[in-house]
Amino acid sequence: MSERSVLVHADAQELAGAAAARLLARLADAQAARGSADVVLTGGRVAAAVYRAVLADPARDAVDWSRVDLWWGDERFLPAGDPDRNETQARAALLDALPLDPARVHPMPPSDGPDGSDPELAAARYAGELARTAPDSTGLPRFDVLLLGVGEDGHVASVFPGHPVAAETRPVSAVRNSPKPPPVRTTLTLPAINTAAEVWLIAAGPDKAEAVGAALSGSAELPAAAVHGVSRTVWLLDRAAAAQAPQSSSR
Ligand SMILES: O=C(O)[C@H](O)[C@@H](O)[C@H](O)[C@H](O)COP(=O)(O)O
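The rules we used
Residues numbered from 1 in each chain as written. Predicted model: local features only at pLDDT ≥ 70, side-chain atom pairs only at ≥ 80, totals over all residues. Heavy atoms only, no water. UniProt positions renumbered as here; feature names shortened; annotations may be inferred. Helix = DSSP H or I, 4+ residues; strand = E, 2+ residues; numbered from the N terminus. Rg over C-alpha atoms; globule rule 2.2 N^0.38 Å. Buried < 20%, exposed > 50% of the residue type's maximum accessible area, 1.4 Å probe, protein only. Contact = heavy atoms within 4.5 Å. Core = buried A, V, L, I, M, F, W, Y, C linked by side-chain atoms within 4.5 Å. Arc of directions from axis to C-beta. Pairing = 2+ DSSP bridges. Axes fitted to C-alpha atoms, helices over the stretch in contact; angles between N-to-C directions. Salt bridge = Lys/Arg side-chain N within 4 Å of Asp/Glu carboxyl O. Near = heavy atom within 4 Å. Polar contact = N/O pair within 3.5 Å; in protein donor to acceptor, adjacent residues only side chain to side chain. 1 Å grid on protein atoms, 1.4 Å probe; cavity = no way out; pocket = protein on both sides within 12 Å on 5 of 7 lines; lining within 4 Å. Sits in = over half its atoms within 2 Å of the grid points. Nonpolar A, V, L, I, M, F, W, Y, C, P; charged D, E, K, R; others polar. Phe/Tyr/Trp six-rings, centres within 6.5 Å; stacked < 30°, edge-to-face > 60°. Lys NZ or Arg CZ within 6 Å of the ring centre and 35° of its normal. Points joined across faces, edges and corners; volume = space filled by probe spheres on them.

As recorded in an unreviewed UniProt entry, the protein chain goes by the name 6-phosphogluconolactonase, listed as coming from Catellatospora chokoriensis. Quoted verbatim from the Sequence similarities (unreviewed entry) field of UniProt, the annotation for the protein chain is "Belongs to the glucosamine/galactosamine-6-phosphate isomerase family. 6-phosphogluconolactonase subfamily." Per its UniProt entry, the protein chain bears the Pathway (unreviewed entry) comment "Carbohydrate degradation; pentose phosphate pathway; D-ribulose 5-phosphate from D-glucose 6-phosphate (oxidative stage): step 2/3."

Moving on, we come to the overall build of the protein chain. The secondary structure content of the protein chain amounts to seven helices and 10 strands. Relative to the 2.2 N^0.38 estimate, which gives 18 Å for 251 residues, the radius of gyration of the protein chain is 17 Å and therefore close to what a compact globule would have. Principal-axis analysis of the C-alpha atoms gives the protein chain an extent of 50 × 40 × 35 Å. The buried share among the 251 residues of the protein chain stands at 54%. Of all intrachain contacts in the protein chain linking residues separated by at least 6 positions in sequence, the fraction that spans at least 24 positions is 75%.

Right, let's get into the nonpolar core. By size, the foremost hydrophobic cluster in this structure holds 75 residues, and its most contacted members are Leu 188 and Trp 235. The dominant element in this core, judged by the number of residues it contributes, is helix H1 (residues 12-34), at eight residues. When neighbours within four sequence positions are excluded, Trp 235 is seen to be in contact with Arg 4, Ser 5, Val 6, Leu 7, Val 150, Leu 201, Val 212, Ala 215, Leu 216 and Ala 224.

Quick look at helix H3 (residues 86-93) now. Along H3, the positions that sit buried rather than exposed are Asn 86, Glu 87, Ala 90 and Ala 93. Here the buried residues of H3 occupy an arc of 135° about the axis, which is enough to place them on one side. Where H3 is buried, its residues contact strand S2 (37-41), helix H2 (45-56), strand S3 (68-72) and strand S4 (74-76).

Taken in spatial order, the seven strands line up as S1-S10-S9-S6-S2-S3-S5 in an open sheet, and their pairing is parallel. Two strands in the sheet have a free side with no partner beyond their single neighbour: strand S1 (3-9) and strand S5 (105-106). Alignment of S1 against strand S10 (residues 232-238), held across seven bridges, turns out to be parallel. Along S10, the bridge assignment pairs His 9 with Asp 238. Sitting on the sheet, helix H4 (residues 119-132) touches S3 and S5, and the angle it makes with S3 is about 155°.

All right, on to the pattern of salt bridges then. All chains considered together, the criterion is met by 16 salt bridges. A salt bridge links Glu 198 to Arg 26; the shortest N-O distance between them is 2.8 Å. Of this pair, Glu 198 sits in strand S9 (residues 198-203) while Arg 26 is found in helix H1, placing the two residues 172 residues apart along the sequence. Neither Glu 198 nor Arg 26 differs from the other in exposure class; each is buried. Shared partners join several salt bridges into a network, and the residues in it are Glu 75, Arg 85, Glu 87, Arg 91 and Asp 96.

Near the ligand there are 15 residues, and of these Arg 45, His 155, Ala 157, Lys 180 and Lys 208 occur at the shortest range. In this structure, Arg 76 approaches the ligand through a side-chain N or O atom, which is 2.8 Å from an oxygen atom. Between an oxygen atom of the ligand and a side-chain N or O atom of Lys 180, the distance comes to 2.7 Å. When atoms are counted within 2 Å of each cavity's grid points, the one that captures over half of the ligand is the largest pocket. The residue makeup of the shell around the ligand, split by class, is three nonpolar, six polar and six charged.

Turning to the packing of aromatic side chains, a few remarks are in order. Here the structure, examined in full by the defined rule, presents two aromatic pairs. Consider the rings of Trp 71 and Phe 143, whose centres lie 6.4 Å apart with planes at 65°: the pair is edge-to-face. Taken together, the residues Trp 71 in strand S3 and Phe 143 in the loop between H4 and strand S6 (145-149) connect sequence positions 72 residues apart. A network of ring pairs unites the aromatic residues Trp 71, Tyr 126 and Phe 143 as a single cluster. Over the face of the ring belonging to Trp 200 we find Arg 22, whose NZ or CZ atom lies 5.6 Å from the ring centre.

This next bit is on empty space enclosed by the protein. One pass over the structure, following the stated rule, counts one cavity of 30 Å³ or more. Empty space within the largest cavity amounts to approximately 50 Å³. In this structure, the largest cavity is lined by Leu 23, Leu 27, Val 39, Leu 41, Tyr 51, Val 54, Trp 65, Leu 70 and Leu 94.

As structure tokens, this is what we get:
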């Protein structure tokens with residue numbers, strides 16, 4: 001049964017530093033155990049703060065970045081290099097400064113890539129890339145850590161409450177009419193997210209308090225309430241985002 005931890009930090013800066021330190025330790029442990037590590041990145045302001053904190057953390061050298069596979073949980077379906085792409089923002093915040101193996105960095109396809117402006121084809125292409133590195137018949141790599149931000153509406157990745165993508169069973173899906181701009185995206189779906197060994201939900205600020213509180217209370221209609229790691233689910237919050245968390249949850 002998946003274990004849940006809820007860790008509350010004084011503010012967004014402390015949260016980002018703690019999440020970064022935890023991520024580096026987890027990647028180093030995965031490499032010690034199996035020689036490599038797979039991490040799934042997400043987008044948004046909080047995630048970008050975590051990436052910057054990883055760059056600033058001296059412990060980043062404890063990870064052999066040439067043996068890390070980087071995936072994305074979702075992407076805005078925009079041309080390569082667009083400043084609004086999650087990949088562009090992750091590269092600027094961290095990735096371009098790391099000695100990564102380019103063959104092990106797996107961005108979701110851009111809208112000017114081989115599939116042109118068809119997000120369904122782009123989603124299928126990414127599913128194929130995932131399957132190519134899968135160690136078994138699941139069609140997915142062994143994700144050691146899958147990072148998620150949390151939207152004010154309780155979305156994670158690009159899985160939005162009440163949107164058809166929330167019921168999708170294929171591992172990767174196109175998203176049209178996203179309530180959060182831009183309107184077209186690609187995303188891992190809830191079943192794919194829930195194959196990760198550890199799922200980390202990272203949220204900061206008062207505007208997330210209601211969604212975080214509802215998700216931790218088990219509000220079934222929220223994607224943030226529906227995600228869990230196979231071995232561990234970790235909520236990394238600042239005090240403002242944890243303000244409505246049920247008391248029993250904080251530890
Ligand atoms: O593409 C995206 O926008 C993200 O993947 C999205 O899921 C994000 O993580 C949340 O909306 C939280 O964003 P903030 O951390 O900026 O509030």
